[in-house]
Amino acid sequence: MAPTDVLDLRERALSRMDIPQARALVAEAGWNQVDEDWALMLEEGRGFGIFDPDGRLVATAVMLPFGGRFAWISMVLVEKAHRRLGLATRLMRRCIDAVVADGLVPVLDATPDGRQVYARLGFRDLWGYQRMASGQISPSELNSGARGFTVRRLLDSDEPRLLAYDRGVFGADRSMVLNNLRSRLPEAAVLVETADRIRGFALARDGRNAVQIGPIVADDTTVAIALLT
């Protein structure tokens, strides 16, 4: 499909009604997010979209605030036919303005292509990460690092201590995200504790392409491996 002239494109806030169209952009990009991810981000944050004259969604971006400190910008997606028109930059600026107006610091994860756009907008590298898929690792290999720990299912009664533990690691309150993940895949919500002190926890979520494990928050590598197991 040929791209519409930029002057004919219209921007507006996203709502839950736009999720089916947003789902199509995720599928085109091959990303893993599902409708529940969009619903969480639009309920707890704000999303912006660009639409063609027929009302078809061609670009998105979302900002999700955390604990009154910073806001994560994500879901920067542009339909292939409308790329190289400055739409990603336009929506990024819209998100940045919204974050700064709320007195927060904008942060984000960057794909290699996205990093080029974000660097021009003043973002700088803080750390790198890798996305990994499970290989042929046997349970015995994983368990070899997990001896001495009991990993148990996360309970409702653990929530206050869990959220306090996570705030100390993450640096802000992300209780809305953690509670959402736990409700979506409760069998993967697990905890390690010793002497009534939390040593780590792990959550996971369903996805369009795969189940995604994380966050895993742990005091040390051994606990992290126990949780991963």
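Reading the values: rules and limits
- Residues numbered from 1 in each chain as written.
- Predicted model: local features only at pLDDT ≥ 70, side-chain atom pairs only at ≥ 80, totals over all residues.
- Heavy atoms only, no water.
- Axes fitted to C-alpha atoms, helices over the stretch in contact; angles between N-to-C directions.
- Helix = DSSP H or I, 4+ residues; strand = E, 2+ residues; numbered from the N terminus.
- Parallel < 35°, antiparallel > 145°, perpendicular 65-115°, else oblique.
- Left-handed = near helix turned anticlockwise from the far one by under 90°.
- Contact = heavy atoms within 4.5 Å.
- Nonpolar A, V, L, I, M, F, W, Y, C, P; charged D, E, K, R; others polar.
- Pairing = 2+ DSSP bridges.
- Patch = residues over 30% accessible without salt bridge, like charges linked within 9 Å, V, L, I, M, F, W, Y side chains within 5 Å.
- Areas by Shrake-Rupley, 256 points an atom, 1.4 Å probe, with all protein chains shown as cover.
- Salt bridge = Lys/Arg side-chain N within 4 Å of Asp/Glu carboxyl O.
- Lys, Arg positive; Asp, Glu negative; His and termini not counted.
- Charge placed at Lys NZ, Arg CZ, Asp CG, Glu CD.
- Buried < 20%, exposed > 50% of the residue type's maximum accessible area, 1.4 Å probe, protein only.
- Polar contact = N/O pair within 3.5 Å; in protein donor to acceptor, adjacent residues only side chain to side chain.
- 1 Å grid on protein atoms, 1.4 Å probe; cavity = no way out; pocket = protein on both sides within 12 Å on 5 of 7 lines; lining within 4 Å.
- Points joined across faces, edges and corners; volume = space filled by probe spheres on them.

(A) Layout of the packing of helix 2 (residues 35–44) against helix 7 (residues 175–184). Taken N-terminus to C-terminus, the directions of helix 2 and helix 7 make an angle of 155 degrees; their axes are 11 Å apart at the nearest point. Taken together, the axis directions place helix 2 and helix 7 in an arrangement best described as roughly antiparallel. Helix 7 is crossed by helix 2, and the crossing has right-handed handedness. Every residue of helix 7 that contacts helix 2 at Glu36, Asp37, Leu40 and Glu44 is listed here: Met176, Val177, Asn180 and Arg184. For the contact of helix 2 with helix 7, a count of residues per class yields 3 nonpolar, 1 polar and 4 charged.

(B) Examining the pairing of strand 7 (residues 190–194) more closely. In the sheet, strand 6 (residues 151–153) pairs with strand 7 via 3 bridges, with the strands oriented antiparallel. In the strand pairing of strand 7, arginine 152 is matched with leucine 191. Two strands pair when backbone bridges link them, and strand 7 and strand 8 (residues 197–205) are joined in this way by 5 bridges, in the antiparallel orientation. Bridging from a neighbouring strand, valine 192 pairs with glycine 200 of strand 8. Adjacent in sequence and paired antiparallel, strand 7 and strand 8 are bridged by 2 residues, among which alanine 195 carries a positive phi angle near 50 degrees.

(C) Focus on a positive patch on the surface. A cluster of basic residues, Lys80, Arg83, Arg84 and Arg120, forms a positive patch at the surface. Inspection of the secondary structure assignment puts lysine 80 in the loop between strand 4 (70–78) and helix 3 (87–101). For lysine 80, a relative accessible area of 52% gives the class exposed.

(D) Region of the structure containing the side chain of aspartate 37. Counting through the fold element by element, aspartate 37 comes out in helix 2. A distance of 2.8 Å separates a polar atom in the side chain of aspartate 37 from a polar atom in the side chain of arginine 184. Leave out the neighbours within four places in its chain, and aspartate 37 touches Arg184 and Arg205.

(E) Broad picture of empty space enclosed by the protein. Summed over the entire model, instances satisfying the criterion amount to 1 cavity of 30 Å³ or more. Considered as a void within the structure, the largest cavity measures approximately 50 Å³ in volume. Of all the secondary structure elements, the ones that give two or more residues to the lining of the largest cavity are helix 6 (159–170) and helix 7. When the residues that make up the lining of the largest cavity are grouped by side-chain class, the tally is 6 nonpolar, 1 polar and 2 charged.

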